[in-house]
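In case you want the letters, here they are:
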Amino acid sequence: SRPTKAEKAAPERAPRAPRQPRDPSKSKRKRGNPEHQLQIGVREYLDLALPPRHPDVWWTAIDHANAASRMTGALRKARGVKAGIPDLHILYRGRSIWIELKAPRGSVSLEQKDVHLAIEKAGGFWHEARSREEVRDILLGHGIRLMAHL
């Protein structure tokens, strides 16, 4: 029989060898983002513990995800976005409280250490937290009345 047009146009391929199972310890692909998951969990907790109707507290998360491109990074820098800014900012009765969230194996960068010192020098409070419980303890340590508990 004669080959079809599609068969004529398609290059000949050698048969594929069966795939070998991958060694998970050598995988370069990230399996989830523990710090991102922590940030979401903390946000869910703070929505309950420090709702917008709370009389003494205002808070926000700070979105400073990695720049998707050099151009995005340059635009952020032009607008004054600083490297090392903590993930959460909480205002409580005139106090400026900053919390850097870290995954269990995460570490604070040099830029974050510099910001830590600058915040404290300016009279603010800087904390590192690795769980919702640590965030709760930081808030309680500042005397903040929580409207929900873990």
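Look above for the structure.
Some points on the overall build of the chain
Now for step 1: Each helix and strand counted, the chain has five helices and four strands in total.
Now for step 2: Mapped from its N terminus to its C terminus, the chain presents α and β elements in the order α-α-β-α-β-β-α-β-α.
Now for step 3: Of the contacts formed within the chain by residues at least 6 apart in sequence, a portion of 66% connects residues at least 24 apart.
Now for step 4: Of the roughly 11600 Å² of accessible surface on the chain, a fraction of 53% belongs to carbon and sulfur atoms.

Observations regarding helix α5 (residues 132-141)
Now for step 1: When we look at burial in α5, the residues that qualify are Val-135, Ile-138 and Leu-139. Down the axis of α5, the buried set is contained in an arc of 95 degrees. They therefore lie on one face.
Now for step 2: Against α2 (34-49), β2 (88-92), β3 (95-101) and β4 (125-129) lie the buried residues of α5.
Now for step 3: Just downstream of α5 lies Gly-143, where phi reads positive at about 80 degrees.

What to know about the side chain of His-54
Now for step 1: Tracing the backbone through its elements, the reader meets His-54 in the loop between α2 and β1 (57-61).
Now for step 2: A distance of 3.2 Å separates a polar atom in the side chain of His-54 from the backbone nitrogen of Asp-56.
Now for step 3: Not counting the four nearest positions on each side in its chain, His-54 is found in contact with Ala-49, Ile-144, Arg-145 and Met-147.

Notes on the pairing of β2
Now for step 1: Counted residue by residue, β2 has four buried out of five residues, so it is predominantly covered.
Now for step 2: In the sheet, β1 pairs with β2 via five bridges, with the strands oriented antiparallel. Bridge assignment links Trp-58 to a residue of β2, and that residue is Leu-91.
Now for step 3: Pairing analysis gives five bridges linking β2 to β3, with the strands arranged antiparallel. Looking across to β3, one finds that His-89 is bridged to Trp-98.

With respect to the packing of α2 against α5
When two helices pack together, their arrangement is given by the angle between the helix axes and the distance between those axes.
Now for step 1: Following both chains from N to C, one finds α2 and α5 inclined at 45 degrees, their axes separated by 9 Å at the closest point. Put simply, α2 runs oblique to α5. For α2 against α5, the interelement crossing comes out right-handed. Residues Leu-38, Gly-41, Val-42, Tyr-45 and Leu-46 of α2 lie in contact with α5, whose contacting residues are Arg-132, Val-135, Arg-136 and Leu-139.
Now for step 2: Among the residues making up the contact of α2 with α5, the classes are represented as six nonpolar, one polar and two charged.

How each quantity is defined
- Residues numbered from 1 in each chain as written.
- Predicted model: local features only at pLDDT ≥ 70, side-chain atom pairs only at ≥ 80, totals over all residues.
- Heavy atoms only, no water.
- Helix = DSSP H or I, 4+ residues; strand = E, 2+ residues; numbered from the N terminus.
- Contact = heavy atoms within 4.5 Å.
- Areas by Shrake-Rupley, 256 points an atom, 1.4 Å probe, with all protein chains shown as cover.
- Buried < 20%, exposed > 50% of the residue type's maximum accessible area, 1.4 Å probe, protein only.
- Arc of directions from axis to C-beta.
- Polar contact = N/O pair within 3.5 Å; in protein donor to acceptor, adjacent residues only side chain to side chain.
- Pairing = 2+ DSSP bridges.
- Axes fitted to C-alpha atoms, helices over the stretch in contact; angles between N-to-C directions.
- Parallel < 35°, antiparallel > 145°, perpendicular 65-115°, else oblique.
- Left-handed = near helix turned anticlockwise from the far one by under 90°.
- Nonpolar A, V, L, I, M, F, W, Y, C, P; charged D, E, K, R; others polar.

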